[in-house]
Amino acid sequence: MKYLRGYIVAAVFLVLTLALTAFAAAHTTLVDMVYPYASRLIQSSLAQWVSGIDICLWQLIVVLMGVALLASILVMILLRWNFFQWLGWVLTVCSFIYMMHTGIYGLNYYAGPLTDDIRLTEADLSITKMAEATTYFRDKANELATQVPRNEDGTPDYPSFSELAEMAGEGFQNLTYDSYYAVFSGSTVPVKELGWADMYTSMGITGVTMPLTGEAAVNPQTPQVALPFVMCHEMCHRTCIAVERDANLGAFLACQANSNVIYQYSGYFMAFRYCYNALVSVGTTTSAAVTKEIYSGINDQLLQDLNYYKTFFAEHRDDTASNIANTANDTYIKVSGDESGVNSYSEVSDLLISWYIQEIYMPQHMEEEQAWDPMDKNQVDLTDPNG
């Protein structure tokens, strides 16, 4: 019986975790009313607490846990512990960590979508609307691409990682206090540099947020043009926007709301990429003609940045490492409650196009339509018919 104690404790933690997720799945409205606020408070407190530590605390903990695991294996061999019993307690630690993660953060996957929080109506998309939105994001990216600081060879010349990270919070504050989007009211503590950058680059990973320590971390090797967007993406996760498509939309909004042109460009650059790729993926003759026309309108600066972004990951990604990381991330996202898995990242294109229709297209067309005024003599004949 003593050999089973670890497995029993692990099973208890696992059952509690499953019970939490089952409850959240069955009561999404209740979860959305309470849980994100409590979770956001925990994340903000943790982020503030670890902000004085330059390195990622969770990475240090991983190293210490790895050392402890190796030490326990050595002790097990020397003292001839029962392997089956040892494995049970290892599983106990793993299941406890997963239960804690689910309790303080994981249920955000079952809260309402970001579109509800920002009052965005998802539109029925057509090729025409997709093309119009993609053209809009291209034109904005074209305009901003000429305004960001650049080196003589045309590459972006941005401030250091820490300076960029300090700027990110402004967008979140503007969204919170100017647009009254409470969902962005979490911590604005700057993101940290992700350690072991070479390893994460080989996997194609640009950032990681660890809810158990409240740390949002970004791979410093990420191409500069995308770095502000990625910083905002990870900060969105820390404000408990868990679903990837929502975090991408939140990152765009935070970049767009930032007064710094570097952030604005990064937001529109990534929005254009997502919408353009979505248009390409339609795969019809019409969409092919439209994407060709849109591509022809890309200016030199934007084209250079797009090509560098594409070739950077193609040159640095290791296929084996990337596939392992992608599979692990896909599994985690699906287990957490999002059936789209890693496809959720690119699904932001639908939200971006809906944002364009609601915030840009409709207001422009409403301004073009003259409001009906029965007292306006230009619209109504107000002369007395009886003379």
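Up top is the structure these notes are about.
Residues numbered from 1 in each chain as written. Predicted model: local features only at pLDDT ≥ 70, side-chain atom pairs only at ≥ 80, totals over all residues. Heavy atoms only, no water.

Participant: Could you clarify how one ought to interpret the overall build of the protein chain in this entry?
Facilitator: When helices and strands are tallied, the protein chain shows 16 helices and three strands. Referenced to the eigenvectors of the C-alpha coordinate spread, the extents of the protein chain come out at roughly 110 × 55 × 45 Å. Split into buried and exposed, the 387 residues of the protein chain put 45% on the buried side. For the protein chain, the proportion of contacts with a sequence separation of at least 24, taken over those separated by at least 6, is 77%. By element, 59% of the accessible surface of the protein chain is carried by carbon and sulfur atoms, the whole surface being about 20100 Å². Charge centroids of the protein chain, computed over 18 positive and 41 negative side chains, lie 11 Å from each other. (Helix = DSSP H or I, 4+ residues; strand = E, 2+ residues; numbered from the N terminus. Buried < 20%, exposed > 50% of the residue type's maximum accessible area, 1.4 Å probe, protein only. Contact = heavy atoms within 4.5 Å. Areas by Shrake-Rupley, 256 points an atom, 1.4 Å probe, with all protein chains shown as cover. Lys, Arg positive; Asp, Glu negative; His and termini not counted. Charge placed at Lys NZ, Arg CZ, Asp CG, Glu CD.)

Participant: Would you take a moment to explain the packing of helix 6 (residues 127–145) against helix 12 (residues 261–282) for this structure?
Facilitator: Axes are the key here: two packed helices are described by the angle between their axes and the distance separating the axes. Two elements in contact, helix 6 and helix 12, have axes whose closest approach is 8 Å; the angle formed by their N-to-C orientations is 150 degrees. One way to sum up the angle between helix 6 and helix 12 is to call them roughly antiparallel. Of the two possible hands of crossing, helix 6 and helix 12 adopt the one that is left-handed. In contact with I127, M130, A131, T134, Y136, F137, R138, K140, A141, L144 and A145 of helix 6, helix 12 contributes V261, Q264, Y265, Y268, F269, A271, F272, C275, Y276, A278, L279 and V282. (Axes fitted to C-alpha atoms, helices over the stretch in contact; angles between N-to-C directions. Parallel < 35°, antiparallel > 145°, perpendicular 65-115°, else oblique. Left-handed = near helix turned anticlockwise from the far one by under 90°.)

Participant: How do you make sense of the sheet that holds strand 3 (residues 215–218) when you look at a structure like this?
Facilitator: Sheet strands pair by backbone hydrogen bonding; their relative direction is either parallel or antiparallel. The three strands are arranged 1-3-2 in an open sheet whose pairing can be described as mixed. Each edge of the sheet is formed by a strand with only one pairing partner; in this case those strands are strand 1 (192–193) and strand 2 (207–210). Bridge count for strand 1 against strand 3 is two bridges, and the pairing is parallel. Within strand 3, the residue paired with K192 across the bridge is A217. Helix 10 (residues 227–238) contacts strand 2 and strand 3 of the sheet and is inclined by roughly 160 degrees relative to strand 3. (Pairing = 2+ DSSP bridges.)

Participant: Would you mind showing me how to read the nonpolar core here?
Facilitator: A general tendency of soluble globular proteins is for nonpolar side chains to be buried together. Core analysis: the largest hydrophobic core is formed by 71 residues, its most contacted members being F137, F184, Y265 and W355. Per-element tally for this core: the top contributor is helix 12, with 13 residues. If we ignore the near neighbours within four places in the chain, the residues touching W355 are L120, Y136, F137, F252, L253, Q256, Y268 and I360. A24, Y35, I104 and V243 belong to the second-largest nonpolar core, a separate cluster that totals 11 residues. (Core = buried A, V, L, I, M, F, W, Y, C linked by side-chain atoms within 4.5 Å.)

Participant: I tried to follow the packing of aromatic side chains on my own but got confused; where do I start?
Facilitator: Aromatic rings considered in pairs are described by the distance between their centres and by the relative angle of their planes. This model, assessed by the stated rule, comprises 24 aromatic pairs. Measuring from ring centre to ring centre gives 6.5 Å for F229 and Y274, while their planes differ by 45 degrees; the resulting arrangement is tilted. Here the residue F229 occupies a position in helix 10, and Y274 occupies one in helix 12, the gap between them amounting to 45 residues. In this structure, F229 and Y274 share a single accessibility class: buried. The interplanar angle of 40 degrees and the centroid separation of 6.3 Å between the aromatic rings of Y276 and Y295 together place this pair among those described as tilted. Taken as a pair, Y276 in helix 12 and Y295 in helix 13 (residues 285–296) lie far apart in primary sequence, 19 residues in all. Grouping aromatic residues by their ring pairs yields a cluster made of Y136, F137, F252, Y268, W355, Y356 and Y361. Just above the ring of Y37 sits the side chain of R40; from NZ or CZ to the centre is 5.4 Å. (Phe/Tyr/Trp six-rings, centres within 6.5 Å; stacked < 30°, edge-to-face > 60°. Lys NZ or Arg CZ within 6 Å of the ring centre and 35° of its normal.)

Participant: Hey, could you run me through empty space enclosed by the protein in this one?
Facilitator: A water-sized probe rolled over the atoms picks out the places where empty space is left. Counted according to the given criterion, the structure contains two cavities of 30 Å³ or more. When its volume is computed, the largest cavity comes out at roughly 60 Å³. Contributing to the lining of the largest cavity are T21, Y98, H101, T102, G106, L107, Y110, V335 and S336. Broken down by secondary-structure element, the contributors of at least two residues to the lining of the largest cavity are helix 4 (83–104) and helix 15 (319–336). In terms of residue count, helix 4 provides more of the lining of the largest cavity than any other element does, three residues in total. (1 Å grid on protein atoms, 1.4 Å probe; cavity = no way out; pocket = protein on both sides within 12 Å on 5 of 7 lines; lining within 4 Å. Points joined across faces, edges and corners; volume = space filled by probe spheres on them.)

Participant: I'm lost on helix 10 in this one. Help?
Facilitator: Since the α-helix packs 3.6 residues into each turn, any two residues three or four apart lie on the same face. Helix length check: helix 10, at 12 residues, gives a terminal C-alpha distance of 17 Å against a target of 16 Å (1.5 Å per residue), a fit within 8%. Along helix 10, the residues that are buried comprise L227, P228, F229, V230, M231, C232, H233, E234, M235, C236, H237 and R238. Downstream of helix 10 by a residue or two, C240 has a phi angle that is positive, lying close to 75 degrees. (Expected span 1.5 Å × (residues − 1).)

Participant: What am I meant to see in unusual backbone geometry here?
Facilitator: As a rule of thumb, non-glycine residues mostly have phi less than zero, and peptide bonds are mostly trans rather than cis. At R119, a position not held by glycine, the phi torsion is positive, near 60 degrees. By secondary structure assignment, the location of R119 is in the loop between helix 5 (114–117) and helix 6. Judged by its relative accessible area of 51%, R119 is exposed. Backbone geometry places Y180, a non-glycine residue, at a positive phi of 60 degrees.

Participant: I'm lost on helix 12 in this one. Help?
Facilitator: Helix length check: helix 12, at 22 residues, gives a terminal C-alpha distance of 32 Å against a target of 32 Å (1.5 Å per residue), a fit within 8%. You can read the cap of helix 12 off the contacts: a side-chain oxygen lies 2.8 Å from the backbone nitrogen of I262, and it is on N260. (Polar contact = N/O pair within 3.5 Å; in protein donor to acceptor, adjacent residues only side chain to side chain.)

Participant: How do you make sense of the layout of surface pockets when you look at a structure like this?
Facilitator: For the second largest pocket, the calculated volume is near 470 Å³. Listed by contribution, the elements that provide at least two residues to the lining of the second largest pocket are helix 2 (28–50), helix 5 and helix 11 (244–256).

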